[in-house]
Amino acid sequence: MSKLQNAFNPVDFRKNGHQLIDTIADYLEEVNQAEMPVMDRRPPDEALEDWNQYISHNNTSTDFYKKIIKHSMHLHHPKYMGHQVAPPLPDTMLSGLLVSALKNGSGLYEMSPLSAPMEKIVTDFFSKHIGYGNEASGFLTSGGTLANLTALLTARQVKGFGDIWNEGNPEGKQLAIMVSEEAHYCVDRAVRIMGLGDAGIVKIPTNGKFQADISQLEETYNNAITEGKIIFAIVGNACSTSVGAYDDLEAFGAFAQKHNLWFHADGAHGGAAIFSKKYKSLVKGIELADSVIIDGHKMMMTAGLITALIYKNGKDSYRTFHQKADYLWENSDEEWFNLTKRTFECTKFNSVLEVYSLIKNYGVDIFDEYVTYTYDLARVFSKMLQANSNFEIAHKPESNILCFRILKNGKTPTELNELNAKIRKQILHDGKFYIVQTMLNDAIYLRVTLMNSFSTIEILEELIEEILTISKQLNF
Ligand SMILES: Cc1ncc(COP(=O)(O)O)c(C=O)c1O
């Protein structure tokens, strides 16, 4: 048997597969004890050298799996509180394996009879919880960045004054969108990719809660019009990245309707609040949006990079791209089952299985419980910090994101920034916790996103102690 044929042999696959599942199960048990470091931190050059040497070692598969785990960031660790990536549910890991085995990835029904029906069921599930009517429809794409770009491309084609797909941006006219200054950078990136440049993004100032200041919407719009810009869309944060603030989506909806704008809701992180009985009110008005995105890999615990892009009027989703591809499809009809007509991707991984199986196995309850628990925990943590005179919170948490900093009497703003940045660096170095930082009104804040349903109040108490100890040791 050739090396290639042998590489497909099911006997080794079965053996290695069993070992892999056992290794992951052991890992899940161990990581929950929170005694191992949340990551094994080493300098990039050292890691590069290690992996360079390792590639020629003769190790068992289990050794290889264990080494990979050892050198990874441990999202399942109860002390992981960093960027907005959820620990994947075991169900989604298994679905991911099956998806990889079958690789039925194309967005063409003919190539993948599994994807489109499942995607229709899953996206209808999102539509229902958003509060859309029967005309709504959507699809899944690879991440919030691509989903925001796709939604804005649709918006420009629908509202952008002319057939931009065929003729390009209208000459002598500056198209632009409005979005809060707290938006994720990918909105700005999308606008620039669309060839609208710096002038294509009109920032709405924020209020004291880091939400778009509704009282400034009209003035911001009028100033842009006076400068000769044509605003075709407004993007609402649901919620924002840095502090997790929700814009007033109802007010955005009314404003968009008044000025005939496309209203897009970026719910990459906090859109999943639609599933929480307790926190659904945060996204009041989301059903007014022409398009909504929600990430599965953030607040829905999928392993794969999965973003739902849902349109209030599903027909709009067919207006984004107009491609002739005789090798793929025979006509330009609106076919819900040929997803490539609407998605950016051509070959498209069938990751919908992860969400489909979660809905099948647990129903909406699993998402409700996750969002509610993590959002509750951020509120508890905020109270703990407020009760401690060493700390200041930057905002009351609306989601599971909280920014705070340590204070010290007599220190200048620059010294406080230095202190908080040093604390965060030390935490990173020690590896017991993983938290990040951000800059708000020129001040550096420590930032946690409580992504783990096994993080507890006791663990948050430990984090406070850890920060205070480091602060003392720094002797600042
Ligand atoms: C509000 C918001 N929008 C978009 C994104 C980008 O999403 P992705 O990382 O899936 O591309 C993020 C990522 O953190 C986000 O917080």
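Residues numbered from 1 in each chain as written. Predicted model: local features only at pLDDT ≥ 70, side-chain atom pairs only at ≥ 80, totals over all residues. Heavy atoms only, no water.

Across its full length, the chain carries 16 helices and 11 strands. Relative to the compact-globule value of 23 Å for 476 residues, the chain shows a C-alpha radius of gyration of 24 Å, a close match. With 476 residues in all, the chain has 54% of them scored as buried. Residue pairs in contact within the chain that sit at least 24 positions apart in sequence constitute 72% of those at least 6 positions apart. Accessible area of the chain: about 22,700 Å², with a carbon and sulfur share of 53%. (Helix = DSSP H or I, 4+ residues; strand = E, 2+ residues; numbered from the N terminus. Rg over C-alpha atoms; globule rule 2.2 N^0.38 Å. Buried < 20%, exposed > 50% of the residue type's maximum accessible area, 1.4 Å probe, protein only. Contact = heavy atoms within 4.5 Å. Areas by Shrake-Rupley, 256 points an atom, 1.4 Å probe, with all protein chains shown as cover.)

It is worth spelling out the packing of aromatic side chains at this point. Evaluated as defined, the whole model comprises 19 aromatic pairs. Measuring from centroid to centroid gives 6.0 Å for Phe-252 and Phe-263, while their planes differ by 50°, and the two rings are tilted. Here Phe-252 is found in helix α11 (residues 249-259), whereas its partner Phe-263 is found in strand β5 (residues 262-267), with 11 residues between them in sequence. As far as burial versus exposure is concerned, Phe-252 and Phe-263 are alike and both buried. (Phe/Tyr/Trp six-rings, centres within 6.5 Å; stacked < 30°, edge-to-face > 60°.)

Bringing the site of the ligand into the picture now. For the ligand, the set of nearby residues contains 14 residues, the closest of which are Gly-144, Thr-145, Thr-241, Asp-266 and His-297. At a separation of 3.0 Å, an oxygen atom of the ligand approaches a polar side-chain atom of Asp-295. Lys-298 places a side-chain nitrogen or oxygen 3.0 Å from an oxygen atom of the ligand. When the free accessible area of the ligand is taken as 390 Å², the share hidden by the protein chains comes to 86%. Secondary structure elements with two or more residues in the shell around the ligand: α7 (144-159) and α12 (296-299). Element by element, the count of residues in the shell around the ligand is highest for α7, at three residues. Taken together, the residues of the shell around the ligand sort by class into three nonpolar, eight polar and three charged. (Near = heavy atom within 4 Å. Polar contact = N/O pair within 3.5 Å; in protein donor to acceptor, adjacent residues only side chain to side chain. Nonpolar A, V, L, I, M, F, W, Y, C, P; charged D, E, K, R; others polar.)

Along helix α13 (residues 352-362), the residues classified as buried are Val-352, Leu-353, Glu-354, Val-355, Ser-357 and Leu-358. Against the buried residues of α13 lie α5 (90-102), α6 (115-130), β1 (137-141) and α14 (365-386).

The buried count for strand β6 (residues 291-295) comes to five of five residues, which makes it a mostly enclosed element. By the alternation rule, side chains of β6 split into Ser-291, Ile-293 and Asp-295 and Val-292 and Ile-294, which are all buried. Relative to β6, β5 runs parallel, the two being bridged by four bridges. Following the sheet pairing, Asp-266 is matched in β6 by Ile-293. Bridging between β6 and strand β7 (residues 307-311) involves five bridges; their strand directions are antiparallel. In the strand pairing of β7, Val-292 is matched with Ile-310. (Pairing = 2+ DSSP bridges.)

So, about helix α4 (residues 61-70). Turning to α4, its buried residues number three or more, namely Thr-62, Tyr-65, Lys-67 and Ile-69. Tucked into the core, α4 has its buried residues touching α2 (10-32) and α3 (44-54).

Moving on, we come to a negative patch on the surface. A surface patch of negative charge is lined by Asp-22, Asp-26, Glu-29, Glu-30 and Glu-35. Along the chain, the position of Glu-29 falls in helix α2. Judged by its relative accessible area of 56%, Glu-29 is exposed. (Patch = residues over 30% accessible without salt bridge, like charges linked within 9 Å, V, L, I, M, F, W, Y side chains within 5 Å. Salt bridge = Lys/Arg side-chain N within 4 Å of Asp/Glu carboxyl O. Lys, Arg positive; Asp, Glu negative; His and termini not counted. Charge placed at Lys NZ, Arg CZ, Asp CG, Glu CD.)

With that settled, the discussion passes to the environment of Ser-471. Position of Ser-471 relative to the elements: it lies in helix α16 (residues 457-474). Spatially, the C-alpha atom of Ser-471 lies 41 Å from that of Asp-91, the residues being 380 residues apart in sequence. Filtering out sequence-adjacent residues up to four positions away, Ser-471 remains in contact with Ile-406, Lys-408, Leu-419, Ile-423 and Phe-476.

Let us now look at the packing of α6 against α13. Between α6 and α13, the shortest axis-to-axis distance is 9 Å and the interhelical angle comes to 55°. With respect to α13, the element α6 is oriented oblique. Here the hand of the crossing between α6 and α13 comes out left-handed. Where α6 approaches α13, its residues Ser-115, Met-118, Glu-119, Ile-121, Val-122 and Phe-125 are matched on the opposing element by Val-352, Leu-353, Val-355, Tyr-356 and Ile-359. (Axes fitted to C-alpha atoms, helices over the stretch in contact; angles between N-to-C directions. Parallel < 35°, antiparallel > 145°, perpendicular 65-115°, else oblique. Left-handed = near helix turned anticlockwise from the far one by under 90°.)

Split into domains, the chain comes out as domain 1 (104-362) and domain 2 (366-474). Summarising the inter-unit geometry, the C-alpha centres of domain 1 and domain 2 are found 31 Å apart. Each side of the interface is counted separately: domain 1 has 30 residues, and domain 2 has 23 residues. Both sides together, the interface formed by domain 1 and domain 2 hides about 2,200 Å², and carbon and sulfur atoms give 64% of it. Our count for the domain 1 to domain 2 interface comes out at two salt bridges. One salt bridge in this structure joins Lys-278 and Asp-376, with 2.7 Å as the shortest N-O distance. Counting the contacts that link domain 1 with domain 2 gives 12 residue pairs in polar contact (both at pLDDT 80 or more). For the side of domain 1 that touches domain 2, the elements supplying multiple residues, two or more each, are α12 and α13. (Domains from an automatic or database assignment. Buried area = accessible area lost by both parts, 1.4 Å probe.)

Sheet strands pair by backbone hydrogen bonding; their relative direction is either parallel or antiparallel. Ordered in space as β1-β7-β6-β5-β4-β2-β3, the seven strands form an open sheet in which the pairing is mixed. Of all the strands in the sheet, just β1 and β3 (201-204) have a single pairing partner and so form its edges. The average angle at which neighbouring strand axes cross in this sheet is 20°, direction not considered. By the bridge criterion, six bridges tie strand β2 (residues 174-180) to strand β4 (residues 229-237) in an arrangement that is parallel. If you follow Val-179 over to β4, its bridge partner there is Val-235.

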